[in-house]
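# Observations on the model geometry
If you want the building blocks of each chain, they are given just below.
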Amino acid sequence: MPNDGNISVRVDGLVKRFGSFTAVDRVSFSAYRGEILGFLGPNGAGKSTVIRILCGLLRPSEGSVIVAGVDVGKDPEGVRHHIGYMSQKFSLYNDLEVSENLRFFAGLYGVDRGIAGDRIREAISLAGLQGHEHDLTGTLAGGWKQRLALGCALLHRPEILFLDEPTSGVDPMSRRQFWDLIHGMSGRGVTVFVSTHYMDEAEYCDRLVLMNRGRVVAMGTPPELRHLVKKGALLLAKCEPLGTALQILQGSPGVAEAAVFGNSLHVRVEQAEDALVTLPAMLESRGVKCVSLKPIEASLEDVFVQLAGEQSAVRGGPDR
Amino acid sequence: MSPRRLIAMSRKEFIQIVRDPRSLLIALLMPVMQMVLLGYGVSLDAKNIPVYVYDQEGSQDSQALLKRFQASPYFDVRKTVNSYRDLRYAIDSDRCKLAIVIPFDFSRKLRDTGFAPVQVIVDGTDDNTANLSKGYARAVIARFSADVQHNWLQRQGMPIAASNGNISVDTRIWFNEDLESRNFIIPGIVALVMALVGALLTSLTIAREWERGTMEQLLSTPITPSEVMLGKLIPYFMVGMADAALCLMMSVWWFGVPFRGTLASFFTTTALFLIVILGIGFMISVAIRNQLGASMIALLVTLMPTSLLSGYAFPIDQMPAAVRAITYLVYSRYYVTILKAIYLKGVGVKALGAEMTALAVYAAVIGLLATRAFRKTLD
Ligand SMILES: Nc1ncnc2c1ncn2[C@@H]1O[C@H](COP(=O)(O)OP(=O)(O)OP(=O)(O)O)[C@@H](O)[C@H]1O
Ligand SMILES: [Mg+2]
């Protein structure tokens, strides 16, 4: 573990209530300089709310939040110079040209006039928008828009970057490019917070915070989290019909959990050898055709399903 | 306050105004349209008012008076009748809006008293037209009386110079009354245009950021609330001042309204009024986070009082006491009063101390409230 001097964000006992609804419930974690910290969780888990609090956009109801040495609960304005933020919804001005958006944000961040020109040029090349400086931002494709937004958020060279689902609705190619940029940032010592729905993206993070219904369900590096599932074994089952198979398996002895993943089932069992023999027989006896059954390596999605304790929490992959 | 952030904000807002057809329409076309519609609406109404005459005397003098009515562009003398009953019928059936009754002893009384004892009957169903036509009729009659008096004095061999001043002052006042509608109302229309354009444009500015989702990004930067407010309002202030100049030019060169005051006093008061209007528009935009709702409320809060309670068209001293009391709270009342005085009387800012102070206090309070209105958090 890095020492305390390297902590750039420390959150302790954070609670956020909207009226009587608790959106964030006693969340605590720290982030270290240069780290990529991923926030994972289904819709409504509280990812955006946490990020907004860290940016000083929402007031915490309880708990302490220190970002770049600033107590955000007491001084939400004080943190603004240190951070770059990309909100979940695209929020640059569509009716402004690419360069006008950049110039506007360079002004707002108080980037020195002398260096603003260079910074803007860098942002344009980072976004791959050379030659499109005078395009209206609204006419850009999704991937470019997101990279431009990232460029805007980086104009003042913040220590900490908050990216709220930066890749949602972006094609896979652009997602890869985007993650390359994020790794570049982290390599330069920028702490990066990323929230995402995509489980495959979680693997690109240094550490993960798994959230569900306002609570932190688990925290750790991707291998650490996968290891949590190693108790017992995971099987991949292809059955026909899938729904009936799921119902049968969920109640069976020796089966800890069963969940749908795409067009097959992930079944967590206590003992792989036994299950590989007994389960097909049992399924066949109840009229379900078992096409294949084999042990697999746990993915982060499995971790999630297990930890969140409800299979409705996450549907695999990009469809939201 | 950082000039760098302020300039960035203003410049961005200005670009958005120029690129948004709706804003451009409001900023450029609306003032012209309002001036033309309201300016003509007022004066057209009052022209060619249908008149019936009941001339009981039928003398040379009474015919001379009627000729004045015939010559006036405001009246259209349709018919001469021979009884009150016919007049009543004409008014009831809407054939005339105004009736003139010249009594049997018209010439004698005119000679004895110097005033023409004429009865004017006005159809009061349309309040505005009734007021206007009453005013016009009075003006025509007064001028006629004055001329008769003047001639009479001349014939008596009285030194004209001695009494001329007296009479000519009389005629001049009435002469102004003759053009009452346009000259009095157009300065008020300038106020109306300022209120409309200023409030509409600014009411959209914050609401638009919320609606398009750009607000969150804006809030995450180091810009302060007062920088947001000032940065956003500066372009609208400039647009407002340009519109004021446009209205001034139209009122003088197009409608021929006299402008007797100084440009400095005109633009100083307009600046104060704009601060009030823009401040109100801004606060509404902050409170109502969608553009449609914000613009509706802005119209309600600025245009309604300005058109009804500022005295621009409906004289305040003719309102019931309770309503009159309310008008003191209506900021546009002061602006309209000042504008009329600047246009028609040509008085300077000093002579309007009370009104100027009221407007300045309003501007200061609203300005202060507006800086406080905007908070840099989402909840
Ligand atoms: N301003 C608000 N007022 C009331 N409830 C809110 C507010 N903002 C968020 N919530 C609620 O808090 C919960 C957490 O929302 P949040 O946006 O943080 O979730 P999320 O993890 O970002 O979800 P998503 O993946 O959909 O973006 C949700 O149930 C949401 O409805
Ligand atoms: Mg979210």
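The structure contained in this document is the topic of the report that follows. Bear in mind that the values here come from a model prediction, so they are computed numbers and not experimental data.

## Some remarks on the overall build of chain A
- Counting its regular elements, chain A contains 10 helices and 14 strands.
- Each principal axis of the C-alpha distribution contributes one length, and for chain A these read about 75 × 45 × 40 Å.
- In chain A, which comprises 320 residues, the proportion classed as buried is 55%.
- In chain A, once contacts between residues fewer than 6 apart in sequence are set aside, the share between residues at least 24 apart is 69%.
- Carbon and sulfur atoms make up 50% of the accessible area of chain A, which totals about 13600 Å².
- Between the averaged position of the 34 positive side-chain charges in chain A and that of its 37 negative side-chain charges there is a distance of 3 Å.

## Overview of the overall build of chain B
- Helix and strand counts for chain B come out as 15 helices and 4 strands.
- Taken over C-alpha atoms, the radius of gyration comes to 26 Å for chain B, far larger than the 21 Å a tight globule of 379 residues would show.
- With respect to the principal axes defined by its C-alpha atoms, chain B has extents near 85 × 50 × 35 Å.
- In the structure as shown, chain B presents an accessible area of about 17400 Å², 63% of it carried by carbon and sulfur atoms.
- Averaging the coordinates of the 37 positive side-chain charges in chain B and doing the same for the 28 negative ones gives two points 6 Å apart.

## Here we look at the interface of chain A and chain B
- Of the residues lining the interface, 35 residues belong to chain A; the matching set on chain B comes to 27 residues.
- Approximately 2800 Å² of surface area, both sides summed, lies buried where chain A meets chain B, with 54% of it carried by carbon and sulfur atoms.
- Looking at the side of chain A facing chain B, the largest losses of area belong to Leu57, Tyr93 and Leu108 of chain A, adding up to 22% of the total buried there.
- Here chain A is connected to chain B by 4 salt bridges.
- Between Arg19 of chain B and Glu100 of chain A there is a salt bridge; the shortest N-O distance is 2.7 Å.

## As for the sheet that holds strand β4 (residues 62–67) of chain A
All names here are of chain A.
- In spatial order, the strands read β2-β1-β4-β5; together these 4 strands make up an open sheet with antiparallel pairing. Strands with a single pairing partner mark the edges of an open sheet, and in this sheet they are β2 (21–32) and β5 (70–71).
- Where strand β1 (residues 7–18) lies against β4, 5 bridges are found, and the strand directions are antiparallel. Across the sheet, Val15 pairs through a bridge with Glu62, a residue of β4.
- Its contacts with the sheet put helix α1 (residues 47–54) on β1, β2 and β4, and the angle it makes with β1 is roughly 120°.

## Points about the coordination of the magnesium ion (ligand 2)
Residue and element names in this part refer to chain A.
- Looking at the magnesium ion (ligand 2), one finds its protein donor set to be Ser48 (OG) and Gln88 (OE1), positioned 1.8 to 2.2 Å from the metal centre. Remark: Gln88 occurs in the loop between β6 (83–86) and α2 (98–108) and Ser48 occurs in helix α1; sequence separation between them is 40 residues.
- Given the relative accessible area of 14%, Ser48 is considered buried.
- Owing to a relative accessible area of 30%, Gln88 belongs among the partly exposed residues under this scheme.

## With respect to unusual backbone geometry
All names here are of chain A.
- For the bond from Glu240 to Pro241, the omega torsion is -5°, close enough to zero to count as cis.
- Residues other than glycine seldom take positive phi values, yet Arg157 does so here, at roughly 50°.
- Relative to the helices and strands, Arg157 is located in the loop between α4 (142–154) and β7 (160–164).
- Overall, the relative accessible area of 34% leaves Arg157 in the partly exposed class.
- Of note, Arg213 is a non-glycine position whose phi angle comes to about 45°, a positive value.
- What makes Arg213 exposed here is its relative accessible area of 62%.

## Here's the deal with the pairing of strand β2 (residues 75–80) of chain B
Residue and element names in this part refer to chain B.
- Across 5 bridges, strand β1 (residues 49–55) lies against β2 in parallel orientation. By the bridge assignment for β2, Tyr52 is matched with Lys79.
- Between the parallel pair β1 and β2, the chain is carried across by helix α3 (residues 60–71), and the sense of this crossover is right-handed.

## Points about the packing of helix α11 (residues 263–287) of chain B against helix α14 (residues 331–345) of chain B
Residue and element names in this part refer to chain B.
- Close contact between α11 and α14 brings their axes to 10 Å; oriented N to C, the two are set at 165°. With respect to each other, α11 and α14 are oriented roughly antiparallel. Classified by chirality, the crossing of α14 by α11 is left-handed. Note on element contacts: α14 touches α11 through Tyr331, Ser332, Tyr335, Ile338, Leu339, Ile342 and Tyr343, opposite Ser265, Phe266, Thr269, Thr270, Phe273, Val276, Ile277 and Ile280.
- Considering only residue class, the contact of α11 with α14 consists of 11 nonpolar, 4 polar and no charged.

## Describing the nonpolar core
- If you look at the biggest cluster of nonpolar residues, it comprises 152 residues, and the most contacted ones within it are Phe29, Leu54, Val67, Phe162 and Phe193 of chain A.
- Looking at which element gives the most residues to this core, the answer is helix α8 (residues 180–212) of chain B, with 17 residues.
- Ignoring anything within four residues of it in the chain, the contact list for Phe193 of chain A reads Val9, Phe29, Ala31, Leu37, Phe39, Leu54, Ile160, Leu161, Phe162 and Leu163 of chain A.
- Residues Val77, Phe106, Leu132 and Tyr136 of chain B belong to the second largest nonpolar core, which totals 22 residues.

## Here's the deal with the sheet that holds β7 of chain A
Residue and element names in this part refer to chain A.
- Read across the sheet, 6 strands follow the order β6-β7-β8-β3-β9-β10 without closing on themselves; strand pairing throughout is mixed. Two strands lie at the open edges of the sheet, namely β6 and β10 (215–220), each paired on one side alone. Neighbour to neighbour, the strand axes of the sheet diverge by 15° on average, direction disregarded.
- As paired elements, β6 and β7 share 4 bridges and run parallel to each other. In the strand pairing of β7, Met86 is matched with Leu163.

## Section: the site of ligand 1
All names here are of chain A.
- The local shell around ligand 1 holds 15 residues, among which Gly44, Lys47, Ser48, Thr49 and Gln88 are the closest.
- One nitrogen or oxygen atom from the main chain of Gly44 is found 2.8 Å from an oxygen atom belonging to ligand 1.
- One of the backbone nitrogen or oxygen atoms of Gly46 is found 2.9 Å away from an oxygen atom of ligand 1.
- Relative to its unbound accessible surface of 630 Å², ligand 1 loses 65% to contact with the protein.
- Among the secondary structure elements, those contributing two or more residues to the shell around ligand 1 are β2 and α1.
- Ranked by residues supplied to the shell around ligand 1, first place goes to α1 with 3 residues.

About the thresholds
- Residues numbered from 1 in each chain as written.
- Chains lettered and ligands numbered in written order.
- Predicted model: local features only at pLDDT ≥ 70, side-chain atom pairs only at ≥ 80, totals over all residues.
- Heavy atoms only, no water.
- Helix = DSSP H or I, 4+ residues; strand = E, 2+ residues; numbered from the N terminus.
- Buried < 20%, exposed > 50% of the residue type's maximum accessible area, 1.4 Å probe, protein only.
- Contact = heavy atoms within 4.5 Å.
- Areas by Shrake-Rupley, 256 points an atom, 1.4 Å probe, with all protein chains shown as cover.
- Lys, Arg positive; Asp, Glu negative; His and termini not counted.
- Charge placed at Lys NZ, Arg CZ, Asp CG, Glu CD.
- Rg over C-alpha atoms; globule rule 2.2 N^0.38 Å.
- Buried area = accessible area lost by both parts, 1.4 Å probe.
- Salt bridge = Lys/Arg side-chain N within 4 Å of Asp/Glu carboxyl O.
- Pairing = 2+ DSSP bridges.
- Axes fitted to C-alpha atoms, helices over the stretch in contact; angles between N-to-C directions.
- Donors = N, O, S within 2.8 Å, 3.2 Å for Na, K, Ca; no water.
- Right-handed = clockwise from strand over helix to strand, strands pointing away.
- Parallel < 35°, antiparallel > 145°, perpendicular 65-115°, else oblique.
- Left-handed = near helix turned anticlockwise from the far one by under 90°.
- Nonpolar A, V, L, I, M, F, W, Y, C, P; charged D, E, K, R; others polar.
- Core = buried A, V, L, I, M, F, W, Y, C linked by side-chain atoms within 4.5 Å.
- Near = heavy atom within 4 Å.
- Polar contact = N/O pair within 3.5 Å; in protein donor to acceptor, adjacent residues only side chain to side chain.

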